[in-house]
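# Architecture at a glance
Residue strings, one per chain:
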Amino acid sequence: MKACFMGLGYIGLPTAIIAAKHGVQVTGVDVNPDVVAKTNAGKLHIIEPGLESMLQEVIASGALKAVGKPEICDAYFMVVPTPFKGDHEPDTSYVEAATRAVIPCLKEGDLYVIESTSPVGTTEQMARLIFSERPELKGKIYIAYCPERVLPGNVIYELVHNDRVIGGIDEASTDKAIAFYSQFVQGTLHRTNAKTAEMCKLTENSSRDVQIAFANELSIICEKAGINVWELITLANKHPRVNILWPGCGVGGHCIAVDPYFITADFPAESKLIASAREINNYKSFWCAEKVQRTMLQFELDHHRKPKVAMMGLAFKPNIDDLRESPAKYIITKVMQSCNNADIMVVEPNITSHNVFKLTDYREAYDRADIVVMLVAHDPFKTLPWRNDKIILDFCGIYRKN
Ligand code: SAJ
């Protein structure tokens, strides 16, 4: 079996490697020549623990090779980004370009799968595109949608062990895609149709966004009411059927903060709760920045000098070095822009340097600061004791009691 992965990014590359390790002959295609060269040299261009040695193994054995253009294979996987254009309108042009690139390679009996997060209806739209260019293949190739749901940092395990949802444009396509994924997936492969599979991916991440928005809204209410939101949620979660997530300084990353817009763009009148959740989570970051600014102003009024401020965390979530769509980064930037003379120390223990922010060691920043702003619940921050001589704004629950 020969498979072609279009896109060697955060999902395409690990999936190509795992498939190659399980006996599939894999051609990995990327438009970026640096990615192709690095991959063939056995060097990872993404950060994922444990994956580089696996890459070297499959390159050495010849099971995986990277190239710039697709080649004749038996199965084709679209694993390219779906960014936005304009005001949060999903842009499927990369999926379309990847599809157009494989159309000349397709032959009877082949499998074509989209893994990229996509608006509902994309798979059927790509099927129409394929058959308009190659009408003789109608009913003779298999077309399906199969989203990934892996957690960055735990990709090797989750690619194999997570359940997956697989939706073909017809039953035969679903069967064919299930047969492919069962070569390396040990989780259950759940069958459905293409549209449901597309919506399932968007639903999973929107569900999490809505739940976090609920926690973030509670945190703003609790601040006004003088209630500790961490204690409140812990107590509410003692109810056997309540499981509230935790507030933070907003929602970041490339999935939860992005995918809900794929629903709101296509169903604006119907997706009121999903759209509000996005607004609330974005507003939470703005609210945190305002609170830091107000606290700094009050300090200056009380002490007749500017405060030293420690901004604790830049990453989009705890214990990672990924700054994509990071609410902490947004808050720090906004605060810095509003008070250019202030002494603001930026802390991110998971990276060694940053091209915009000068980084300070977390212990040093904490010791020196008058105001400590806890933005990301990184483990090292939890070792810092609460000190009454400092103003501590704990947006991420470092000091919450369990
Ligand atoms: N967050 C909170 N409160 C919480 C949980 C998270 O504020 O209680 C924040 C985080 O700090 C972060 C954001 O939400 O800023 C997103 O973090 P996350 O851990 O929910 O999600 P990601 O983006 O790292 O990965 C998610 C995963 N989805 C879920 O956990 C439901 C992963 O399984 C998906 O495969 C991935 O998105 C994806 O690619 O869609």
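Use the structure listed above.
A few points on the structure. (Residues numbered from 1 in each chain as written. Predicted model: local features only at pLDDT ≥ 70, side-chain atom pairs only at ≥ 80, totals over all residues. Heavy atoms only, no water.)

## Considerations on the overall build of the protein
To be explicit about the condition: Labels follow the DSSP assignment, with helices taken as runs of H or I lasting at least four residues and strands as runs of E lasting at least two, numbered in each case from the N terminus. The size measure is the radius of gyration over C-alpha atoms, and the globule rule it meets is 2.2 Å times the number of residues to the 0.38 power. Exposed residues in this analysis have more than 50% of their type's maximum accessible area, buried residues have under 20%, and partly exposed residues fall in between, with area computed by a 1.4 Å probe over protein chains only. Contact between two residues is taken to exist if any of their heavy atoms lie within 4.5 Å; hydrogens are not considered. Computed with a 1.4 Å probe, the accessible areas rest on the Shrake-Rupley method; for each residue, only the protein chains presented here act as cover. Under this rule, positive means Lys or Arg and negative means Asp or Glu; His and the chain ends count for nothing. Here the site of a charge means NZ on Lys, CZ on Arg, CG on Asp, or CD on Glu.
When you go through the protein residue by residue, the secondary structure sums to 13 helices and 14 strands. For the protein, whose C-alpha radius of gyration is 24 Å, the value lies close to the compact-globule estimate of 21 Å for 402 residues. When its C-alpha atoms are laid out on the principal axes, the protein stretches across 80 × 45 × 40 Å. Expressed as a percentage of the 402 residues in the protein, the buried residues total 52%. Sequence-distant contacts in the protein: of pairs separated by 6 or more residues, those separated by 24 or more amount to 68%. For the protein, the exposed area adds up to about 18,700 Å²; of that, 53% sits on carbon and sulfur atoms. Each charge class in the protein can be summarised by its mean position, and for the 43 positive and 48 negative side chains these summaries are 3 Å apart.

## Brief notes about the environment of Glu 136
The condition is simple: Distance and chemistry together define a polar contact, namely a pair of N or O atoms within 3.5 Å, with one atom able to donate a hydrogen and the other to accept it when in protein, and with adjacent residues in sequence counting only for side-chain atoms on both sides.
Here Glu 136 is to be found in the loop between α5 (122-133) and β8 (142-145). Accessibility expressed as a relative area gives 43% for Glu 136, which makes it partly exposed. For the pair formed by Glu 136 and Trp 287, sequence separation is 151 residues and the distance between their alpha carbons is 57 Å. Side chain to side chain, Glu 136 and Arg 134 meet in a polar contact 2.7 Å long.

## Quick look at the sheet that holds strand β10 (residues 189-193)
In plain terms, the rule: A pair of strands is labelled paired if DSSP reports no fewer than 2 bridges between them. To define axes, lines are fitted to C-alpha atoms, for helices over the stretch in contact only, and angles between the resulting N-to-C directions are given on a 0 to 180 degree scale.
Ordered in space as β3-β2-β1-β4-β7-β8-β9-β10, the eight strands form an open sheet in which the pairing is mixed. This sheet does not close on itself; its edge strands, each paired only once, are β3 (64-67) and β10. When the angles between neighbouring strand axes are averaged without regard to direction, this sheet yields 25°. As paired elements, strand β1 (residues 2-6) and strand β4 (residues 75-78) share four bridges and run parallel to each other. Considered in β4, the bridge of Ala 3 is made with Ala 75.

## Let's talk about the pairing of β4
Burial along β4 is two-sided: the face carrying Ala 75 and Phe 77 and the face carrying Tyr 76 and Met 78 are both buried. Bridge count between β4 and strand β7 (residues 111-114): four bridges; the pairing is parallel. Along β7, the bridge assignment pairs Ala 75 with Leu 111.

## Structural notes on the sheet that holds strand β12 (residues 343-347)
Spatial strand order, β12-β11-β13-β14: four strands in an open sheet with parallel pairing. Only two strands of the sheet have a single neighbouring strand rather than two, namely β12 and β14 (391-394). Averaged over all neighbouring strand pairs, the angle between strand axes comes to 15°, with direction disregarded. In terms of strand pairing, strand β13 (residues 371-374) meets β14 through four bridges, oriented parallel.

## Observations concerning a nonpolar patch on the surface
Quick reminder of the rule: In this scheme, patches are assembled from residues that exceed 30% relative accessible area and form no salt bridge. Like charges are connected within 9 Å, while nonpolar side chains (Val, Leu, Ile, Met, Phe, Trp, Tyr) are connected within 5 Å. The rule for a salt bridge is simple: a side-chain nitrogen of Lys or Arg has to be within 4 Å of a carboxyl oxygen of Asp or Glu.
A cluster of nonpolar residues, Tyr 283, Phe 286 and Tyr 330, forms a patch on the protein surface that exposes about 280 Å² of accessible area. On the secondary structure map, Tyr 283 appears in helix α11 (residues 272-303). Judged by its relative accessible area of 41%, Tyr 283 falls in the partly exposed class.

## Details of the nonpolar core
Counted only if it meets this: Throughout, nonpolar core names a set of buried Ala, Val, Leu, Ile, Met, Phe, Trp, Tyr and Cys residues whose side chains join them through atoms within 4.5 Å.
Counting 43 residues, the largest nonpolar core has Phe 5, Ile 17, Val 26, Leu 64, Phe 77, Phe 180 and Tyr 181 as its most contacted members. Sorting elements by how many residues they give to this core places helix α1 (residues 12-21) first, with six residues. If near-sequence neighbours (up to four positions away) are discounted, Phe 77 is found in contact with Ala 3, Cys 4, Phe 5, Met 6, Leu 111, Val 113, Glu 115, Phe 180 and Tyr 181. Phe 299, Ala 328, Ile 351 and Leu 375 belong to the second-largest nonpolar core, a separate cluster that totals 30 residues.

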